[in-house]
Amino acid sequence: MEAGSSGSATSKVTTTCSKLMRSTSKTSSTCSASKGKLNNYDRALDMILGQETPDSDDFSDPNYLANYEAAMDLYGLIHSRFILSPKGLALMREKFLMGTFGVCPRVKCKRHYTMPVGSSYNLNESRVKIFCPK
């Protein structure tokens, strides 16, 4: 991507996001459920897709923290949907084969590559675990 094409980058992200969220009926229901679960859905989406960086006025806003937390949750939901898509799975496979996620600390595994695994589809229910497939 060339320098100065941030407008087209934003539109590509928006388009990709929209396609991903509408790709299956399960995704659409997840998107609808996300709107219900997140109090500040529209503001969170604006924070994710926006080009501006927060300034001192934003930090003094009493709702900024709630909006930021909603943006983190929405990003996590979008990311989890992407990872389960064919392109996301291919990228995860490539990262696994390159050892991006680290190696297993167990001696018997002989530094086998690990991968991240989420144990829940619900927000803030559990943290990502590291899995050694050996």
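**Things to note about the overall build of the chain**
Alright, step 1. In terms of regular secondary structure, the chain is built from 6 helices and 2 strands.
Alright, step 2. Its helices and strands taken in sequence order, the chain reads α-α-α-α-α-α-β-β from the N to the C terminus.
Alright, step 3. Residue pairs at least 24 apart in sequence account for 39% of intrachain contacts in the chain once pairs closer than 6 positions are excluded.
Alright, step 4. With the model as given, the accessible surface of the chain reaches about 10,000 Å², and the carbon-plus-sulfur share is 56%.

**Quick notes on the side chain of T114**
Alright, step 1. Of note, T114 is situated in the loop between α6 (86–98) and β1 (115–117).
Alright, step 2. In terms of polar contacts, T114 uses its side chain to reach the backbone carbonyl oxygen of F101, at 3.1 Å.
Alright, step 3. Setting aside its immediate chain neighbours within four residues, T114 contacts F96, F101, G102, V103, C104, I130, F131, C132 and P133.

**Digging into a nonpolar patch on the surface**
Alright, step 1. There is a patch of nonpolar side chains on the surface, built from L65, Y68 and M72 and spanning about 310 Å² of accessible area.
Alright, step 2. Relative to the helices and strands, Y68 is located in helix α5 (residues 64–83).

**Looking at the confidence of the model for the chain**
Alright, step 1. Here the chain shows a mean pLDDT of 77. Residues at 70 or above account for 72%.
Alright, step 2. The least confident element of the chain, judged by mean pLDDT, is helix α1 (residues 6–22) at 49; the most confident is α6 at 94.
Alright, step 3. In this model, residues 1–6 is a region of pLDDT below 50 whose contacts with residues beyond four sequence positions or in other chains number 2 contacts.

**Here we look at the environment of T114**
Alright, step 1. For T114, a relative accessible area of 2% gives the class buried.
Alright, step 2. Residues T114 and G99, 15 residues apart in the sequence, show an inter-C-alpha distance of 7.3 Å.

**A look at the packing of aromatic side chains**
Alright, step 1. In total, this model carries 3 aromatic pairs according to the counting rule given.
Alright, step 2. Ring centres 5.3 Å apart and planes at 80° place the aromatic pair F59 and Y64 in the edge-to-face group.
Alright, step 3. Pairing F96 with Y113 gives two aromatic rings, centres 6.5 Å apart and planes at 80°, and the pair type is edge-to-face. Remark: Y113 occurs in the loop between α6 and β1 and F96 occurs in helix α6; sequence separation between them is 17 residues.
Alright, step 4. The exposure class assigned to F96 is buried, which follows from its relative accessible area of 17%.
Alright, step 5. A relative accessible area of 34% means that Y113 is categorised as partly exposed.
Alright, step 6. By the ring-pair criterion, three or more aromatic residues cluster together here, those being F59, Y64 and Y68.

**With respect to the packing of helix α3 (residues 41–49) against α5**
Alright, step 1. Across the interface, α3 lies against α5 with an axial gap of 8 Å and an inter-helix angle of 75°. Relative to α5, the element α3 is oriented roughly perpendicular. Packed against α3, whose contacting residues are Y41, R43, A44, L45, M47 and I48, the element α5 presents Y64, N67, Y68, A70, A71, L74 and Y75 at the interface.

About the criteria used
- Residues numbered from 1 in each chain as written.
- Predicted model: local features only at pLDDT ≥ 70, side-chain atom pairs only at ≥ 80, totals over all residues.
- Heavy atoms only, no water.
- Helix = DSSP H or I, 4+ residues; strand = E, 2+ residues; numbered from the N terminus.
- Contact = heavy atoms within 4.5 Å.
- Areas by Shrake-Rupley, 256 points an atom, 1.4 Å probe, with all protein chains shown as cover.
- Polar contact = N/O pair within 3.5 Å; in protein donor to acceptor, adjacent residues only side chain to side chain.
- Patch = residues over 30% accessible without salt bridge, like charges linked within 9 Å, V, L, I, M, F, W, Y side chains within 5 Å.
- Salt bridge = Lys/Arg side-chain N within 4 Å of Asp/Glu carboxyl O.
- pLDDT = per-residue confidence, 0-100.
- Buried < 20%, exposed > 50% of the residue type's maximum accessible area, 1.4 Å probe, protein only.
- Phe/Tyr/Trp six-rings, centres within 6.5 Å; stacked < 30°, edge-to-face > 60°.
- Axes fitted to C-alpha atoms, helices over the stretch in contact; angles between N-to-C directions.
- Parallel < 35°, antiparallel > 145°, perpendicular 65-115°, else oblique.

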